[in-house]
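# Breakdown of the fold
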Amino acid sequence: QLTLMESGGGSVQAGGSLTLSCVASEDRVIFYRLGWFRQAPGKEREAVAAIYMRGGNKYYADSVKGRFTISRDNAKRTVLLQMNNLQPADTAMYYCAAKYAGGDWSSTSDVDAWGQGTQVTISS
């Protein structure tokens with residue numbers, strides 16, 4: 001079974017940067033789309049960004065466009081999320097997710113694997 005491991009979370013001041021990492025356990029991740037989701041206390045889990053591991057197509061939520069950049073290194077089975085100009089509204093638990101098939105990149109449905117999550121906290 002494909003498993004995901006996130007890292008890179010932490011606490012920074014508004015305007016700061018963090019880079020999150022998601023490492024997949026198996027080479028077959030090349031057939032998946034990996035996406036980042038986040039969930040703040042009392043709120044629904046929402047999509048942040050996604051990337052097709054095979055073709056590199058990228059998708060972003062409107063709230064993070066121009067600030068976040070998603071990339072992948074297929075040799076390392078790794079996806080990075082570079083987050084710049086972070087704001088308090090970005091504070092959440094961030095999860096990496098894998099989907100084998102296409103469809104809606106931003107949907108939490110039909111997720112084949114979830115990471116354990118990494119906390120991002122932004123202070124004003």
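Basis of the calculations
- Residues numbered from 1 in each chain as written.
- Predicted model: local features only at pLDDT ≥ 70, side-chain atom pairs only at ≥ 80, totals over all residues.
- Heavy atoms only, no water.
- Core = buried A, V, L, I, M, F, W, Y, C linked by side-chain atoms within 4.5 Å.
- Buried < 20%, exposed > 50% of the residue type's maximum accessible area, 1.4 Å probe, protein only.
- Helix = DSSP H or I, 4+ residues; strand = E, 2+ residues; numbered from the N terminus.
- Salt bridge = Lys/Arg side-chain N within 4 Å of Asp/Glu carboxyl O.
- Pairing = 2+ DSSP bridges.

## A closer look at the nonpolar core
Of all hydrophobic cores here, the largest spans 37 residues; its most connected members are Leu4, Trp36, Leu81, Met83 and Tyr94. When contributions to this core are tallied by element, the ones reaching two or more residues are β3 (18–24), β4 (33–39), β5 (46–52), β7 (68–73), β8 (78–83), β9 (92–99) and β11 (118–123).

## Looking at the pattern of salt bridges
Inspection of every chain in the model, using the stated rule, returns six salt bridges. We note a salt bridge from Arg38 to Asp90, for which the minimum N-O separation is 2.9 Å. Here Arg38, found in strand β4, pairs with Asp90, found in the loop between β8 and β9; they are 52 residues apart in sequence, far enough to count as distant. When sorted by exposure, Arg38 lands in the same class as Asp90, which is buried. A salt bridge links Asp90 to Arg67; its shortest N-O distance comes to 2.8 Å. Separated by 23 residues along the polypeptide, Asp90 in the loop between β8 and β9 and Arg67 in the loop between β6 (58–60) and β7 bring together distant segments of the chain. Both residues of the pair, Asp90 and Arg67, belong to the buried class. Beyond isolated ion pairs, a larger network of salt bridges with shared partners links Arg38, Glu46, Arg67 and Asp90.

## Some words on unusual backbone geometry
The backbone of Arg77 shows a phi angle near 55 degrees, a positive value even though the residue is not glycine. Its place among the elements puts Arg77 in the loop between β7 and β8. Residue classification places Arg77 among the partly exposed residues on the basis of a relative accessible area of 25%. Within the chain, Asn85 stands out as a residue other than glycine whose phi angle is a positive 50 degrees. Note that Asn85 resides in the loop between β8 and β9.

## As for the pairing of β9
The element β9 is largely enclosed, with a buried count of seven among its eight residues. Relative to β9, β4 runs antiparallel, the two being bridged by seven bridges. Across the sheet, Gln39 pairs through a bridge with Met93, a residue of β9. Pairing analysis gives three bridges linking β9 to β11, with the strands arranged antiparallel. Each bridged residue has a counterpart across the sheet, and for Tyr94 the counterpart in β11 is Thr118. With two bridges connecting them, β9 and strand β10 (residues 113–114) associate as antiparallel partners. Residue pairing in the sheet places Ala98 in a bridge with Ala113 of β10.

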